[in-house]
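Structural features, examined
Here are the chains, one letter per residue:
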Amino acid sequence: MRYSGFKVFTEGLTGNKGWKPVWRDPKPKSEYDIVLIGGGGHGLSTAYYLAKNHGLTNIAVLEKGYIGGGNVGRNTTIVRANYSLPGNSEFYSHSLKLWENLESELNYNVMHSQRGLINLFHSDGQRDAFARRGNAMINQGDDAILLDREGVRQHLPYLDFDNIRFPVYGGLLHPRGGTARHDAVAWGYARGADKRGVDLIQNCEVTGIDIEGGQVRGVRTSRGVIRAKKVAMVAAGRSGQVAAMAGMRLPIESHILQAFVTEGLKPVIHHVVSFGMGHFYISQSDKGGLVFGGDLDFYSSYAQRGNLPMKEHVMEAAMTLMPMIGKARVLRSWGGIMDMSPDGSPIIDKTHIDGLFVNCGWNYGGFKAVPASGWAYAHLIATGEPHETAKRYRLDRFRTGRGIMDEEGTGSQHNLH
Amino acid sequence: MRLICPHCGERDRREFTYQGAAEILDRPSREVGNDDWADYLHLRENPAGETKDMWYHDPCGAWIVVHRDTVTHAVHSGELASEVRK
Amino acid sequence: MRIAGKGLIDASKRVSFSFDGRRIEGAEGDTVASALLANDVRLVARSFKYHRPRGVLTAGSEEPNALVTTGSGAGAEPNVRATMVEIHEGLEVKSQNRWPSLGFDVLSVNDLAAPFFGAGFYYKTFMWPGALWEKLYEPLIRRAAGLGALSGKNNADRYERAYAFCDLLVIGAGPAGLMAALTAARAGADVILADEDSRMGGRLLAESEEIDGKQGHVWVAEVLAELSGMENVRLMPRTTVTGAYDQGTYGALERVGLHKAAGGHLPRECFWRIVARRSILAAGALERPIAFPDNDRPGIMNAGAVRAYLNRWGVAAGKRVAVYGNNDGAHKTARDLMAAGVEVVAVIDSRIDASVALDAPVITGGRVIGTKGRLGLEEITVASASGERQIKADCLAMSGGWNPTVHLACHMNGQPVWDEAIQSFTPKPGMIPGMEAAGAANGVFSTAGCLADGARAGEAAAADLGKKAAKTKMPKASDGAYALEPLWVVEGKGRQWLDFQNDVTVKDVRLAAKENYRSVEHMKRYTTQGMAPDQGKNSNVGALAVLADATGRGIPETGTTTYRPPFVPVSIAAMGAGAQGKGFAPQRFTTSHAASVERGAPMIEAGMWYRPSYFARPGESTWRQACDREVTMVREAVGICDVSTLGKIDVQGPDAAAFLDFVYTNTISTLPVGKVRYGLMLREDGHVMDDGTCARFGEGHFVITTTTAAAALVMRHLEFVAQGLRPDLDVQLVSVTEQWAQFGVVGPKSRDLLNDLLDAPISDETLPYMGHQAAQVMGVRGRLFRISFSGEHAYELAVPARYGEALYRVLVARAEMLGGGAYGMEALNVLRIEKGHITHAEIHGRTTAFDIGFDKMISREKDCIGQKMAAREGMVEESREQLVGLKPVGAVKQLTAGAHIFVEDAQAKRENDQGYVTSVCYSPTVQSFLGLGFLKNGRARYGERVRLVDHLRGVEAICEVVNPVFFDPEGGRLRG
């Protein structure tokens, strides 16, 4: 079924009786060419691009809960391509290009809104670091504008320019940055993959990975054994547990990142604003809720919930940066499990086991990566070769020391990001 | 969240700085090869459940190995890193 | 309508306020909602999506409809519940989400287009043409959405945060909570009793029941009197416990001054962190509406709320009231109204076999299948076995049963259990460690049951805390059974509203199921059911029942969505109290701060510290003029600079030298006493962590310095190494950053200056370069180091911090006499760039010792932190970006930090990127812009011409790659 304004109109006239299921509920087959472990954003986009770009459709996506129930449905919805280092630059640049065409690609409105992202800076040193980043963005073919203090004031007049603890020196504006409706991304890819024949199997937990003679043979699940020629792990938040089924340890620690939304308010924040000194970033959803987040709670956790110290710290950052926000009320807070890699950059690679692939380590950046990650992972799984935009996302970079991508410069070992 | 400092007792999480899995205490000697060394520094069990990890109690300066649960956030015990290593 | 003689407030104490500009008379103790109802105002708000007229539904914080804005200007508070706002004289209340007025709202046309605005319609349209999303569709949606508006002005009110500790936190002061608190407190436990209402008592204030032969509120007053007389009890009214967190930590929001006019001495709100060894959840239950057609008109209210307005506030919610329910509880509403003389036009019970002992028209087996009234209820249509009939009514009191308030118990992801008897979810033990539920929150609905369950929980908590509770004498109260028959949806013409706030209907949930958004989470996210400000408190259970039915599953099997904190929305100002303005982070001031400010220096942030940027003199109108002069002054005479912000760590113990060998790449143990050595620290990953100096004071005594930015990090790292990796070494560390004030005395005349102040003069022989010694400065014992960051003959003089300011003033005055003076961070930066010294601009976390040309400083003679990983093949490749100096040689003489480096004629794109510029300055000494940067294979490329491109600032410059030490590479000036 093709969605359109006309379809919404005619269905409205006829009592909305003609809408069809967005995806099937197939029973798992006993064998597939490819099994993807994880029905989150990355798994679904991988399935979609395997079908669309490579014509591979004998595929199952195994999801232990419901489609899109992981981090793709619990983030702050920011989409941007403002990375500094080779490896990340080309990957996120590709991702943003895919985002820009996603509605028509999927025939599903993911509400990608390029309202502009402003990263604030608060010292001369930070300005220089952001200039380096902005120049890297332009070198990559993306957009960036360096705003001085007055330039920021034009865009964000409601910031505290007079009494703030860390005065605003300026900001790096990324006009093509913005937000998207997170659930819709998962659903749009799911619908597209399903339409192309991919089996999306919910409530199906993988309990083991079968390996014979260094070659993957399939998986065991809560719904029976499924044989497969290739198995691709893409289960952010549970990467370590899934890899352990294949006897692997990953360079990942799982951390909690909280996010917040306020009650609905009339439009007041028109950009995505990022306040590095307070690890605070905010935008306003189309429904009017202020959506914002902060730093990790900073302890390894799988609880998908956080504690008060970080919540309060986030509110403190909001109050010092934009004291007009004080009377907005936080409606809901939640937590996602972040796959934190040592250098803060992800991994899309083969493993030492034939036919077994790994996609993990998205840190805080997984949402905006959904299109390009699926694209690159599908390419790797289908062809056995890394995609041009993701060839630096190697698992062995920590052993060789070559191509470490530490955007924050806080170190390429755990718990520094 | 409240953690256990062997010197100071149960204290609020705000008093602590976190530093990841206690596996970091098993530092290999310099004779060990680069790959094994890299694995020590980067690969993690990362358990969903019981774990031991490193916390620095800022007010008293103690590094503590905390035994806790990453799923329930239960905190079982805290031991001085210097004692664990002895 | 106010009924004389009813209610627990004194209606003669008049308080007036305004609603949409209209003056409303209420009484002391009224909420905005009770006062509006007393004045027969039923239309209070417009809904979120369709702008439907809405009135008050509930009498509590769960209110979904009656959201209003109070106050104006910077004090405007959007989205507050009219049911929770206590009126005070002069209070301004405005309705929201309507234009031009509440009665006539243009966007209510949305309601006519509702067939096209069903669940998730926006996912299916607005896609073409793509460019119109940001330009047209999104702005339209955004403008229509949202509820109240922020003022846009800086918060001008005061908020607070506080901590509290107790043995037992009792959440809710209804019958169960009061009994629990009383029982535990009598046993000697430290108890906090928190209740979100302004007045404690819970449903006992809203019902006409008796306890021990007294009216319920009288019994409440007696219990409260006893509790408030006990030293181990703290009563916290107006305090909503908002979240349950780990190890017995709870968040709570107290409305401290919201019930008074702004501007008084009270903060508006206080956010509490309460640490409790045990807690009892006695938060009661919330009544649920029934999803019948057009069930959202103003005047249609929850039956329990209608009772509350009558019994507590003496207000009849209507003049002709119909009651509709599926349980016996609803009958109480009719009974109480009739007793107060209000006309009850019908009691409709959905149960065919219900026995209703009331002297009112009763319809058993009845269904309300429609309602009329554009801005308020006028008529209902009731269907029953005897056919359909219309009944005129201005209020319909409905009850679909009650849901225990399980929310807090579920904040740690625990799933509540389905209870068939009450057709709702109850908490199960252990969902929150240390928490137990009691009373209605535990699914116990009779008053007697609540009292007993509260006493039981209080006793159990006391026992857990090691206290023995005396046997509680149970007060007598009614013990009526709670009988109900499930009633979720009533079919008929018209939309049955579930989530009043987000305008979600039964049809929307069914559409979600039909489209295979069958998981409860998919349904929620697709329809937005339960995502409005009430977080589904009024509608989630009903919506679940509809989904379960539509998907052919039972309700328990369908499951619930996750209950997330906060229980009620919490203002950002309360949770972030104290951080506005400068309160966000500590401010650290050097001892010379005041003296620097006096000299007009702009103070800039350096981490938590403030440092002077430059010291402009008369005639200098730009920072560059001052900076150039200060640099020249240092190179030619003497400059004074406060360097106290550098981290200083005292390292002592028999193994101190061995320890420092382990944490520095270079060898420290060979350093003689009285000497200073530069030291480089790596992280274990082989990248540079920090650098600084290390001075030896004795065989087992060193003082090391760190950069300002990394001081705390290095201290923690050293403690980690000492305790976690090398407990075999006997070494102790202590930070002495704040104990010593330290000043750079820099330039060719530095020694002349010092020799005027020191009790014993120094010379090259007594204090050579990289030496240090104890020094007596004007009678004060200090430390003198001959070290240099500028490349000049220089010293750093440290004195106990209490002498810092005085010494600084003396040093600057003496320097000025010698043709020098104070210099700031700008000049400091130029001096170090001229000398090719690195800061965190260069050691930015991604660089290695190899990259900055210091790989020879990694001693191979010993183990040290970072040594192994620094030796990985990829960390020492020639192709890595290496530190170089850059000097403009083309037409453009300006350089900018952040520019990228390209081969002279290559296109400026990523594939051609050769490196980047980290630091630049104009050097008055070299009379040129100078740059430091990182260039691929840079050390092999000295003499090559490269192009710097800064797209952002529009600067391109041709540079020559040079050795990063621009000035005095032989170091002759250092040695004086």
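Residues numbered from 1 in each chain as written. Chains lettered and ligands numbered in written order. Predicted model: local features only at pLDDT ≥ 70, side-chain atom pairs only at ≥ 80, totals over all residues. Heavy atoms only, no water.

**What about the overall build of chain B?**
Helix and strand counts for chain B come out as 2 helices and 6 strands. Each helix and strand of chain B, ordered N terminal to C terminal, gives the series β-β-β-α-β-β-β-α. In terms of its C-alpha atoms, chain B occupies a principal-axis envelope of roughly 40 × 25 × 20 Å. Contacts in chain B between residues at least 24 apart in sequence constitute 42% of all its contacts with a sequence separation of at least 6. Averaging the locations of the 11 positively and 16 negatively charged side chains of chain B gives two centres separated by 6 Å. (Helix = DSSP H or I, 4+ residues; strand = E, 2+ residues; numbered from the N terminus. Contact = heavy atoms within 4.5 Å. Lys, Arg positive; Asp, Glu negative; His and termini not counted. Charge placed at Lys NZ, Arg CZ, Asp CG, Glu CD.)

**Brief notes about empty space enclosed by the protein**
Residues and elements named next belong to chain C. Evaluated as defined, the whole model comprises 14 cavities of 30 Å³ or more. Each pocket or cavity is described by its volume, and for the largest cavity that value is around 260 Å³. Lining the largest cavity we find 22 residues, and of these Gln535, Asn540, Thr561, Thr562 and Tyr563 sit closest to its centre. Elements with a contribution of two residues or more to the lining of the largest cavity: α10 (520–527) and α11 (540–550). (1 Å grid on protein atoms, 1.4 Å probe; cavity = no way out; pocket = protein on both sides within 12 Å on 5 of 7 lines; lining within 4 Å. Points joined across faces, edges and corners; volume = space filled by probe spheres on them.)

**Re the packing of aromatic side chains**
Note on aromatic pairs: each is described by the distance of the centres and the angle between the planes. Tallied over the full model, the rule gives 48 aromatic pairs over all chains. Where Tyr83 of chain A meets Tyr92 of chain A, the ring centres are 4.1 Å apart and the plane angle is 10°; that geometry is what we call stacked. The pair formed by Tyr83 of chain A and Tyr92 of chain A is uniform in burial state, with each residue classed as buried. Of note, Arg273 of chain C hangs over the ring of Tyr163 of chain C, and the distance from its end group to the ring centre comes to 4.0 Å. The ring centre of Tyr50 of chain C lies 5.5 Å from the NZ or CZ of Arg495 of chain C, which sits over that ring. (Phe/Tyr/Trp six-rings, centres within 6.5 Å; stacked < 30°, edge-to-face > 60°. Buried < 20%, exposed > 50% of the residue type's maximum accessible area, 1.4 Å probe, protein only. Lys NZ or Arg CZ within 6 Å of the ring centre and 35° of its normal.)

**Some details on the side chain of Asp851 of chain C**
Residue position: Asp851 of chain C is located in the loop between α20 (825–834) and α21 (867–870). Since its relative accessible area comes to 3%, Asp851 of chain C is described here as buried.

**Thoughts on the nonpolar core**
Residues Leu36, Phe91, Trp99, Tyr108, Tyr189 and Ile348 of chain A are the most contacted members of the largest nonpolar core, which totals 89 residues. Counting residues per element, this core draws most heavily on helix α10 (residues 366–383) of chain A, which supplies 9 residues. The residues contacting Leu36 of chain A, other than those within four sequence positions of it, are Gly43, Thr46, Ala47, Leu50, Ile59, Ala60, Val61, Leu62, Ala232, Val234 and Ile381 of chain A. Of all hydrophobic cores here, the second largest spans 53 residues; its members include Ala82, Met301, Tyr309 and Leu337 of chain C. (Core = buried A, V, L, I, M, F, W, Y, C linked by side-chain atoms within 4.5 Å.)

**Considerations on the state of the cysteines**
Here, disulfide denotes a covalent bond that connects the sulfur atoms of two cysteines. Summed over the entire model, instances satisfying the criterion amount to 0 disulfides over all chains. You can see Cys8 of chain B has no disulfide; the closest cysteine sulfur is in Cys5 of chain B, sitting 3.7 Å from it. In this structure Cys8 of chain B comes out as partly exposed when scored by relative accessible area, which is 33%. A disulfide-free cysteine, Cys627 of chain C has its sulfur positioned 7.8 Å from the sulfur of Cys921 of chain C, the nearest such atom. (Disulfide = S-S within 2.5 Å.)

**A word on the interface of chain B and chain A**
How big an interface is tends to be expressed through the accessible area that disappears when the partners come together. Taken together, the contact pairs 27 residues of chain B with 29 residues of chain A. At the boundary of chain B with chain A, total buried surface from both sides reaches about 2,400 Å², with 46% on carbon and sulfur atoms. Sorting the residues of chain B by area buried against chain A places His42, Asn46 and His73 of chain B first, and these three jointly supply 25% of that buried surface. At the junction of chain B with chain A, the criterion picks out 6 salt bridges. Salt-bridge contacts for Glu23 of chain B lead to Arg249 of chain A; the nearest nitrogen and oxygen are separated by 3.2 Å. For the interface between chain B and chain A, the tally reads 21 residue pairs in polar contact (both at pLDDT 80 or more). Contributions of two or more residues to the side of chain B that touches chain A are made by β3 (16–21), α1 (34–42) and β4 (50–57) of chain B. Among the elements that take part in the side of chain B that touches chain A, α1 of chain B stands out by supplying 5 residues, more than any other. (Buried area = accessible area lost by both parts, 1.4 Å probe. Salt bridge = Lys/Arg side-chain N within 4 Å of Asp/Glu carboxyl O. Polar contact = N/O pair within 3.5 Å; in protein donor to acceptor, adjacent residues only side chain to side chain.)

**Here we look at the pattern of salt bridges**
Residue and element names in this part refer to chain C. Counted under the stated rule, the structure contains 102 salt bridges over all chains. Lys319 is paired through a salt bridge with Asp40; the nearest N and O atoms lie 3.1 Å apart. Of the two residues, Lys319 sits in the loop between α6 (303–311) and β18 (320–325) while Asp40 sits in the loop between α1 (32–38) and β3 (45–46), which places them 279 residues apart along the sequence. We classify Lys319 as partly exposed; its relative accessible area is 42%. Residue classification places Asp40 among the partly exposed positions, given a relative accessible area of 43%. A salt bridge links Glu379 to Lys392; the nearest nitrogen and oxygen atoms lie 3.0 Å apart. Placement of the pair is Glu379 in strand β22 (residues 379–384) and Lys392 in strand β23 (residues 387–392), with a sequence separation of 13 residues. Glu379 gets classed as buried once you look at its relative accessible area, which sits at 10%. When salt bridges with common partners are traced through the structure, they connect Arg52, Arg54, Asp111, Asp294, Asp296, Arg297, Arg495 and Asp503 into a single cluster.

**What to know about the pairing of strand β46 (residues 881–888) of chain C**
Residues and elements named next belong to chain C. Burial runs high along β46: 6 of the 8 residues are buried. Sheet topology note: the β46/strand β49 (residues 928–936) ladder contains 6 bridges and is antiparallel. The residue of β49 that forms the bridge with Gly885 is Leu932. Bridging between β46 and strand β51 (residues 955–962) involves 4 bridges; their strand directions are antiparallel. Looking at the pairing, Lys887 lines up with Glu960 of β51. (Pairing = 2+ DSSP bridges.)

**Digging into the packing of helix α3 (residues 88–100) of chain A against α10 of chain A**
All names here are of chain A. Taken N-terminus to C-terminus, the directions of α3 and α10 make an angle of 100°; their axes are 8 Å apart at the nearest point. Of the possible angle classes, the one that applies to α3 and α10 is roughly perpendicular. On α10, the residues that touch Phe91, Tyr92, His94, Ser95, Leu98 and Trp99 of α3 are Phe367, Lys368, Ala369, Val370, Pro371, Ala372, Ser373, Trp375 and Ala376. Looking at side-chain class alone, the contact of α3 with α10 contains 11 nonpolar, 3 polar and 1 charged residues. (Axes fitted to C-alpha atoms, helices over the stretch in contact; angles between N-to-C directions. Parallel < 35°, antiparallel > 145°, perpendicular 65-115°, else oblique. Nonpolar A, V, L, I, M, F, W, Y, C, P; charged D, E, K, R; others polar.)

Just geometry here; none of it tells us what the structure is for.
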